[in-house]
Amino acid sequence: MPFDAFHDWCSLVERDLDPGAEMLHFLRQEVPGATSVDPWQVEAITSDAQTVALLVCRQAGKSCVLATRGVRELKNGGTTICLAPAERQTREITRKVQHYLRATDLVVERATQTEIECSNGGRFIAVPASGATIRGYSADLLLVDEMAYLPGANGGEDVVVALLPMLKDNGQTFYASTPAGKNNLFANLFLEPKDNVHRIKVPGTSIPRLASRVERLRSQLSATRFRQEVMCEFLSDGLSYFDLATIENATSTTEGAVCPRI
Ligand SMILES: Nc1ncnc2c1ncn2[C@@H]1O[C@H](COP(=O)(O)OP(=O)(O)O)[C@@H](O)[C@H]1O
Ligand SMILES: [Mg+2]
């Protein structure tokens, strides 16, 4: 075997044995300079918990984790249903999966902006929470992206509950989001934790490759927004009009407070 071919064969074996190496190979399809996969990303894609909940800073790589997990399921010939708040997001994540698939030897038989079918029987179907309803699937994997932003009654509960019966008994669910207030199903996963959920919390300040972006956001966002979007805190209302610090000051016990605390 010529040396180049041997090198390619070794890389292929490495990716088959090491999910982190495989994800890095996928990531390089969109970020050619990517040097490593974050430890939390490896923890997520290798988790065998029935439910995995990712509470992660904005733009940290949540959708990349979901797309990677989707491709791994396609390789197994399984069916994935991916739910996102809006149609634009379903198209985005499907595009990511299609991108990553180019780095595999899977043969795509049919692809639309929101669906992919491979020759081994694997299927990836992305559905928006707004409007579309799907029935009749038997899914191995359920991915919910930007879960805290799901529209509808009970903070997204109705739409997720409608999909859960389609998941096989041994299927796996991934919930990923940045927080958006306390009154939604995603917040419940962390504020009223249940035993069988693998929870992963990653504030932006704990990801070294995001250091300069985090500092920029610290100066650009209000303190409340920063705590929510970067530090992943569940604040009373993700869309509250006043900055929480302003409310805190206005109601403080100090002299001059607009509304002194009693
Ligand atoms: N480990 C990593 N190293 C370098 N770039 C990464 C890594 N993980 C994700 N990215 C890049 O970060 C950007 C945001 O990723 P994305 O998954 O869309 O974030 P999120 O869904 O958390 O907002 C993308 O361009 C993606 O390629
Ligand atoms: Mg995303």
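In the block above lies the structure referred to throughout.
Residues numbered from 1 in each chain as written. Chains lettered and ligands numbered in written order. Predicted model: local features only at pLDDT ≥ 70, side-chain atom pairs only at ≥ 80, totals over all residues.

**Considerations on the sheet that holds strand 4 (residues 115–118)**
The strand order across the open sheet formed by eight strands is 3-4-5-2-6-7-1-8, and the pairing between neighbours is mixed. On the outer flanks of this sheet lie strand 3 (108–111) and strand 8 (197–202), each paired with one strand and no other. Between one strand and the next, the sheet's axes are offset by a mean angle of 15°, whatever the strand orientation. As defined by bridge partners, strand 2 (residues 79–84) adjoins strand 6 (residues 139–144) across four bridges and the pair is classed as parallel. By the bridge assignment for strand 6, L83 is matched with V144. (Pairing = 2+ DSSP bridges. Helix = DSSP H or I, 4+ residues; strand = E, 2+ residues; numbered from the N terminus. Axes fitted to C-alpha atoms, helices over the stretch in contact; angles between N-to-C directions.)

**A short note on helix 5 (residues 87–101)**
With 15 residues, helix 5 extends 21 Å between its outermost C-alpha atoms, agreeing within 8% with the 21 Å of an ideal straight helix rising 1.5 Å per residue. Within the sequence span of helix 5, burial applies to T90, I93, T94, K96, V97, Y100 and L101. Mapping the buried residues of helix 5 onto a view down its axis gives an arc of 155°, with all of them on the same face. Packed against the buried residues of helix 5 are helix 2 (19–30), helix 4 (62–75), strand 2, strand 3, strand 4 and strand 5 (123–128). (Expected span 1.5 Å × (residues − 1). Buried ≥ 20, exposed ≤ 12 C-beta atoms within 10 Å, placed from the backbone. Arc of directions from axis to C-beta. Contact = placed C-beta atoms within 7 Å.)

**Re helix 4**
For helix 4, spanning 14 residues, the distance from its first C-alpha to its last is 20 Å, which sits close to the expected 20 Å at 1.5 Å a residue. By the criterion of burial, helix 4 is predominantly enclosed, with 13 of the 14 residues buried. Downstream of helix 4 by a residue or two, G77 has a phi angle that is positive, lying close to 80°.

**Considerations on the pairing of strand 7 (residues 167–177)**
Pairing of strand 1 (residues 51–56) with strand 7 involves five bridges; the strand directions are parallel. Looking at strand 7, one finds that L54 is bridged to A176. A crossover connection joins strand 6 to the parallel strand 7 through helix 6 (residues 157–163); in handedness this β-α-β unit is right-handed. (Right-handed = clockwise from strand over helix to strand, strands pointing away.)

**Overview of unusual backbone geometry**
In this model, E146 sits at a positive phi of 50°, which is unusual for a non-glycine residue. Along the chain, E146 falls in the loop between strand 6 and helix 6. Phi at C232 takes a positive value of approximately 60°, unusual for a residue other than glycine. Relative to the elements of secondary structure, C232 occurs in the loop between helix 9 (223–229) and helix 10 (244–250). What makes C232 buried here is the crowd of 23 C-beta atoms within 10 Å.

**A closer look at the packing of helix 4 against helix 5**
A pair of packed helices is captured by two measures, namely the crossing angle of their axes and the spacing between those axes. With their axes 9 Å apart at the nearest point, helix 4 and helix 5 run at an angle of 55° to one another. For the element pair helix 4 / helix 5, the angle class is oblique. The interaxial crossing formed by helix 4 with helix 5 has right-handed handedness. In this structure, helix 4 uses S63, C64, L66, A67, T68, G70 and V71 to contact helix 5, whose residues at the interface are I93, K96, V97, Y100 and L101. (Parallel < 35°, antiparallel > 145°, perpendicular 65-115°, else oblique. Left-handed = near helix turned anticlockwise from the far one by under 90°.)

**Let's talk about the site of ligand 1**
Residues in close proximity to ligand 1 total 16 residues, the closest being A34, G61, K62, S63 and C64. Looking at the shell around ligand 1, the elements that each hand over two or more residues are helix 2 and helix 4. Per-class residue counts for the shell around ligand 1 are seven nonpolar, four polar and five charged. (Near = placed C-beta within 6 Å. Nonpolar A, V, L, I, M, F, W, Y, C, P; charged D, E, K, R; others polar.)

**Structural notes on the nonpolar core**
In this structure, L54, C82, V144, Y175 and A176 are the most contacted members of the largest nonpolar core, which totals 59 residues. The greatest single-element share of this core, amounting to six residues, is contributed by helix 4. Domain assignment of the residues forming this core places at least three in each of domain 1 (39–202) and domain 2 (203–262). Apart from the residues lying within four places of it in its own chain, the contact partners of L54 are A44, K62, V65, F174, Y175, A176 and I200. (Core = buried A, V, L, I, M, F, W, Y, C linked by C-beta atoms within 7 Å. Domains from an automatic or database assignment.)

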